[in-house]
Number of protein chains: 2
Amino acid sequence: MTTLNQAVDRHLPASTGMDFMEQRKPTSSTAFKVRAGQGIYCEGQRANVIYQVQSGAVRVYRLMQNGQRHILSFYGPEEWFGLQDGPFHDDFAEAICDCQLQPFSIGGLPTLPVNLLGIALTSLAYANSRQLMIVRQSALERVAVFMKEMADRHPGVNEFELVMSRADIADYLGLTVESVARSFTKLRTSGIIRLHGRGQRYVRIVNADALAALSM
Amino acid sequence: MTTLNQAVDRHLPASTGMDFMEQRKPTSSTAFKVRAGQGIYCEGQRANVIYQVQSGAVRVYRLMQNGQRHILSFYGPEEWFGLQDGPFHDDFAEAICDCQLQPFSIGGLPTLPVNLLGIALTSLAYANSRQLMIVRQSALERVAVFMKEMADRHPGVNEFELVMSRADIADYLGLTVESVARSFTKLRTSGIIRLHGRGQRYVRIVNADALAALSM
DNA sequence: CGAAAAGTTGAAAATGGTCAAGTACGGTGG
DNA sequence: CCACCGTACTTGACCATTTTCAACTTTTCG
C-alpha cells in the first residue's frame with residue numbers, strides 16, 4: 001500500500017510517524033484512548049472491527065492517486081465508523097483530538113450488540129446527501145452547511161470550538177484552504193458568525209436563521 | 001411531497017404523467033416489466049421493496065429544493081436498487097429504457113433470499129468513490145470515468161450504445177449538458193473515442209489505454 | 001525570542017456555467 | 001415522398017466562480 005507513506009508524509013506531524021495502531025484482539029471489547037493526530041486504521045488494513053466514538057472526534061479520509069486527501073466524514077460521540085465493504089479498509093481513520101473509542105469485532109459472531117445494516121444505511125444516506133451538497137452548492141453554501149453541521153452538534157449553545165483545521169475543512173468540502181478562509185470571512189463580515197480564540201477556531205453563531213437559509 | 005410534481009414536470013415526457021407504479025404486494029415476488037421513461041418509485045413512497053434489474057437500465061436520482069436533478073446512480077442487469085435508510089424513499093427511480101425488474105419485499109421476513117448488508121455496503125463504497133470522483137476530477141476526467149464505467153459494462157466489445165441522454169450524463173456527473181458535449185468532443189478529437197448513430201449515442205472505444213489514463 | 005505552522009488576503013489564471021445560435025435526426029402530416 | 005417541427009446535441013462567446021501563486025499576519029511551541 002504505497003499510499004500510506006504519502007498519507008503520513010503529507011498529513012501527519014513528522015514526529016507522529018507511522019503509528020497506526022496494531023490490530024486489536026477481536027474479542028476484547030474494551031474501550032481505549034487515542035491521542036490527537038494518531039492513526040486508528042489505515043488503507044489496506046484488515047477491516048474486522050468497527051468503532052464507536054465515546055469522546056473526541058475522528059476524521060475518515062481516502063487518498064487519491066495524486067496524493068490529494070478527501071475527508072469522507074467527521075465522527076463525534078455516539079457515532080460509528082470503520083464498517084467496510086470488503087475485507088480490507090480502503091480509507092484511513094485518525095483522531096482529530098484525544099479520543100475514547102469503543103471497538104466491536106464483526107468477525108464471525110452471529111449476533112452483534114449493534115445493527116450493522118442500520119449503520120451501513122445511515123452512512124449510505126449521509127454519503128448520498130453529501131454528494132448532492134458538494135457537487136451542487138457553491139463554496140459559501142458548503143461552508144455554511146459545514147458550520148450548521150457543527151452547530152447542530154452543540155445543541156443549546158451558540159458558541160463552540162472547531163476541533164479541525166481549515167485544511168481539514170477544505171478537504172472535507174472539496175475546496176482549498178483559501179476558499180474556506182474567504183467563505184469564513186464572508187460569513188463573518190455579513191454578521192452571521194463571529195470568530196475568535198486560538199487560530200480563529202472558536203465560532204459564535206450570531207444569525208442562525210441566515211446560516212440555515214444559506215445551507216439549504 | 002411537492003417535489004414529485006416538479007420531477008414529473010421537468011423530466012418526464014408530458015404524455016407519461018404521474019405514472020409511478022402503485023405498490024406491489026410484498027409477497028408476490030414475480031418479475032415485471034417497466035416501459036422506457038416510466039417511474040418505478042418516487043420520493044415519499046414507502047420503501048419496503050428492493051429491486052434487481054434483470055434487463056434494461058434504471059436511473060435513481062434526488063431532486064434539490066431548486067428543482068435541480070442529481071442522478072445518484074445508473075443500474076444495469078444484476079444490480080440492486082431501492083434499499084433505503086428510513087421507511088420512505090428519499091429519491092426517485094425510473095426506467096431509462098424498457099426494463100425487466102425483480103422485486104423483493106424486505107418487510108418483516110426474518111430471512112431474505114438476498115444479503116441486504118452486502119448490498120448496502122456495496123452501495124456505500126460506490127457512493128464514497130463517486131464522491132471523490134465528482135468533487136476532485138475535472139469535467140473531462142469525469143466524462144472519461146463515466147465512459148469507462150459504461151465500457152466496463154460491455155466486456156469483450158469495444159462498441160456500445162449509451163442508453164442515457166447527455167442530460168442524464170450531465171446530472172450524473174454534476175456538469176451541464178454543454179460541458180458534457182465539449183468533453184465528448186475532446187475525447188473524439190483526441191482519438192480516444194468515436195461517436196455515431198442516433199443522437200451520437202453509439203460509442204466506439206478507440207484508445208482504451210488513454211481513456212483509462214484519463215479516468216484514474 | 002525565533003521558527004514553523006495556521007490562517008488570511010490580493011491579483012492573475014483556469015475552469016466550467018450561461019446564453020445564444022446552429023446542426024442533425026426522427027416522427028408527423030400533407 | 002417530402003416538408004415541417006420538436007428534441008437532442010454541439011459549438012462559440014462571454015461571464016462567474018474557484019484555484020493558484022504569492023505575500024503577509026497571527027498563533028503556537030521549542
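Rules used in this analysis
- Residues numbered from 1 in each chain as written.
- Chains lettered and ligands numbered in written order.
- Predicted model: local features only at pLDDT ≥ 70, side-chain atom pairs only at ≥ 80, totals over all residues.
- Heavy atoms only, no water.
- Helix = DSSP H or I, 4+ residues; strand = E, 2+ residues; numbered from the N terminus.
- Near = heavy atom within 4 Å.
- Polar contact = N/O pair within 3.5 Å; in protein donor to acceptor, adjacent residues only side chain to side chain.
- Nonpolar A, V, L, I, M, F, W, Y, C, P; charged D, E, K, R; others polar.
- Salt bridge = Lys/Arg side-chain N within 4 Å of Asp/Glu carboxyl O.
- Contact = heavy atoms within 4.5 Å.
- Buried area = accessible area lost by both parts, 1.4 Å probe.

Chain A is annotated in an unreviewed UniProt entry as cAMP-binding protein from Rhizobium jaguaris.

Colleague: In this structure, what is going on with unusual backbone geometry? I would like to understand it.
Modeller: Generally, phi is negative for residues other than glycine and the peptide bonds are trans, each holding for most cases. Despite not being glycine, E78(A) has its phi angle at roughly 85°, a positive value. Looking at the element boundaries, E78(A) is found in the loop between strand 5 (69–75) and strand 6 (80–81).

Colleague: Please clarify how the protein's contact with DNA strand D should be interpreted in this entry.
Modeller: In the vicinity of DNA strand D lie 20 residues, with A139(A), S179(A), R182(A), R198(A) and T185(B) positioned nearest. Those atoms of DNA strand D that come within 4 Å of the protein belong to sugar or phosphate at a rate of 67%. A distance of 2.9 Å separates a phosphate oxygen of DNA strand D from a polar atom in the side chain of R201(B). Elements supplying a minimum of two residues to the surface near DNA strand D: helix 5 (177–189) of chain A together with helix 5 (177–189) of chain B. Residue contributions to the surface near DNA strand D peak at five residues, all from helix 5 of chain B. Here the residues of the surface near DNA strand D are counted per class, giving three nonpolar, nine polar and eight charged.

Colleague: For this particular structure, what's the right way to read the pattern of salt bridges?
Modeller: Any two side chains of opposite charge can pair, on the condition that their charged atoms come close. Residue and element names in this part refer to chain A. Evaluated as defined, the whole model comprises 18 salt bridges over all chains. Across the pair D90 and R62 runs a salt bridge, and its minimum N-O distance is 3.2 Å. Residue D90 is found in the loop between strand 6 and strand 7 (92–95), and its partner R62 is found in strand 4 (residues 58–63); the two are separated by 28 residues along the sequence.

Colleague: How should the interface of chain B and chain A be read in this particular structure?
Modeller: By convention, interface size is frequently given as the accessible area that disappears when the constituent parts associate. Between chain B and chain A, the residue contacts involve 34 residues of the former and 33 residues of the latter. Summing the contributions of chain B and of chain A, the shared interface buries around 3,100 Å²; its carbon and sulfur component is 63%. For chain B, the biggest contributors to the area lost against chain A are Q131(B), L132(B) and R136(B); these three give 24% of the whole. Linking chain B with chain A are zero salt bridges. Across the contact surface, chain B and chain A share 14 residue pairs in polar contact (both at pLDDT 80 or more). The set of elements that each furnish at least two residues to the side of chain B that touches chain A consists of strand 5 (69–75), helix 2 (116–136) and helix 4 (166–173) of chain B. The biggest single contributor to the side of chain B that touches chain A is helix 2 of chain B, with 18 residues. When grouped by side-chain class, the residues that make up the side of chain B that touches chain A number 16 nonpolar, twelve polar and six charged.

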